[in-house]
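# Observations on the three-dimensional arrangement
Below, each chain spelled out in residue letters.
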Amino acid sequence: MKKILEFVWIVLVILTLFAYLLGYLQLIDTSLVAVLLGTTFIKGSLVSEYFMGLENVDVKYRIIPLIWLFVVIILIAIAYYL
């Protein structure tokens, strides 16, 4: 289990550095916003699955944070692209 958490942590750091570098180097355009929102969903789902301890609970409890995160990301995308 420790190896999985370390791997998930490394993935989270890499995705965060990717988003940071895109912003720092000012490489953001409208097509990359969708990629960043996708990586945000991936990061949120990894955090809820592994670091909130939801990997061993019933599916209905695991899906609630994912639905909430999906709705928030969709609302951000709608606000950005309008």
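The text that follows walks through the structure, step by step, so that each part is easy to find. All values derive from a computational prediction rather than experimental measurement.

## Some thoughts on the overall build of the chain
Within the chain, the secondary structure is distributed over 3 helices and 0 strands. Secondary structure of the chain in N-to-C order comes out as α-α-α. For the chain, the C-alpha atoms occupy an extent of roughly 40 × 25 × 15 Å along the three principal directions. When burial is assessed residue by residue, the chain has 21% of its 82 residues classed as buried. Here the analysis covers contacts within the chain between residues at least 6 apart in sequence; of these, 65% occur between residues at least 24 apart. Summed over all atoms, the accessible surface of the chain reaches about 6100 Å², with 75% contributed by carbon and sulfur. Positive and negative side-chain charges in the chain, numbering 5 and 5 respectively, have mean positions lying 6 Å apart.

## A look at the environment of Leu69
By the secondary structure assignment, Leu69 is in helix 3 (residues 59–81). For Leu69 and Ser45, which are 24 residues apart along the polypeptide, the C-alpha to C-alpha distance reads 8.1 Å. Discounting residues that sit within four places of it in the chain, Leu69 has contacts with Thr40, Phe41, Gly44 and Ser45.

## Description of the packing of helix 1 (residues 2–24) against helix 2 (residues 30–51)
Two quantities define a packed helix pair, namely the angle between the helix axes and the distance between the axes. At a minimum axis distance of 10 Å, the contact between helix 1 and helix 2 shows a crossing angle of 155°. The orientation of helix 1 with respect to helix 2, classified from their angle, is roughly antiparallel. The handedness of the crossing between helix 1 and helix 2 is left-handed. Taken together, the residues of helix 2 that come into contact with helix 1 (itself represented by Ile4, Leu5, Val8, Trp9, Val11, Leu12, Leu15, Thr16, Phe18, Ala19 and Leu22) are Leu32, Val35, Leu36, Thr39, Ile42, Lys43, Leu46, Val47, Tyr50 and Phe51. Looking at the contact of helix 1 with helix 2 residue by residue, the classes come out as 18 nonpolar, 2 polar and 1 charged.

## Topic: the nonpolar core
Core analysis: the largest hydrophobic core is formed by 5 residues, namely Val33, Leu37, Leu69, Ile73 and Ala77. Elements represented by at least two residues in this core include exactly helix 2 and helix 3. Looking at which element gives the most residues to this core, the answer is helix 3, with 3 residues.

## Regarding the side chain of Glu49
Within the element layout of this structure, Glu49 appears in helix 2. Setting aside residues up to four positions removed in sequence, Glu49 forms contacts with Leu54, Glu55, Arg62 and Leu66.

## Section: the side chain of Ser45
On the secondary structure map, Ser45 appears in helix 2. A polar atom in the side chain of Ser45 sits 2.8 Å from the backbone oxygen of Ile42. When residues no more than four places from it in sequence are discounted, the contact partners of Ser45 are Leu66 and Leu69.

## Remarks on the pattern of salt bridges
This structure, assessed with the given rule, holds 1 salt bridge. A salt bridge links Arg62 to Glu49; its shortest N-O distance comes to 2.9 Å. Linking Arg62 in helix 3 with Glu49 in helix 2, this pair joins segments that are 13 residues apart in sequence.

Rules used throughout
Position labels on residues start from 1 in each chain and follow its written sequence. Local features in a predicted model are, by the rule used here, given only for residues with pLDDT of at least 70; side-chain atom pairs are given and counted only at 80 or more, and totals for whole chains, interfaces and linings are based on all residues. No hydrogens and no water enter the side-chain calculation; it runs on all heavy atoms of the structure. Helix numbering and strand numbering both begin at the N terminus, where a helix is a DSSP run of H or I of at least 4 residues and a strand a DSSP run of E of at least 2. For the exposure calls, accessible area comes from a 1.4 Å probe over protein chains only, and a residue counts as buried if that area is under 20% of its type's maximum, exposed if over 50%, partly exposed in between. We call two residues in contact whenever any of their non-hydrogen atoms come within 4.5 Å of each other. Accessible surface area values rest on a Shrake-Rupley calculation with a 1.4 Å probe, where residue burial reflects the displayed protein chains alone. Under the counting rule used here, the positive set is Lys and Arg, the negative set is Asp and Glu, and His together with the chain ends is not counted. Where a charge sits is defined by one atom per residue type, namely NZ (Lys), CZ (Arg), CG (Asp) or CD (Glu). Every angle, taken between N-to-C directions, lies between 0 and 180 degrees, and every axis is a line fitted to C-alpha atoms, over only the stretch in contact when it is a helix. The cut-offs work like this: below 35 degrees is roughly parallel, past 145 is roughly antiparallel, 65 to 115 is roughly perpendicular, and the gaps in between are oblique. Helix crossings get a hand from a simple test, with the near helix turned counterclockwise from the far one by less than a right angle marking a left-handed crossing and a clockwise turn marking a right-handed one. By the convention adopted, Pro, Cys, Tyr, Trp, Phe, Met, Ile, Leu, Val and Ala count as nonpolar, Lys, Arg, Asp and Glu as charged, and the other residues, Gly among them, as polar. In this text, buried Ala, Val, Leu, Ile, Met, Phe, Trp, Tyr and Cys residues form a nonpolar core when linked through side-chain atoms within 4.5 Å. N or O atoms within 3.5 Å of each other form a polar contact, as long as, within protein, one can give a hydrogen and the other can take it, and as long as residues adjacent in sequence are counted only when both atoms are side-chain atoms. Throughout this description, the term salt bridge denotes a Lys or Arg side-chain nitrogen within 4 Å of a carboxyl oxygen of Asp or Glu.

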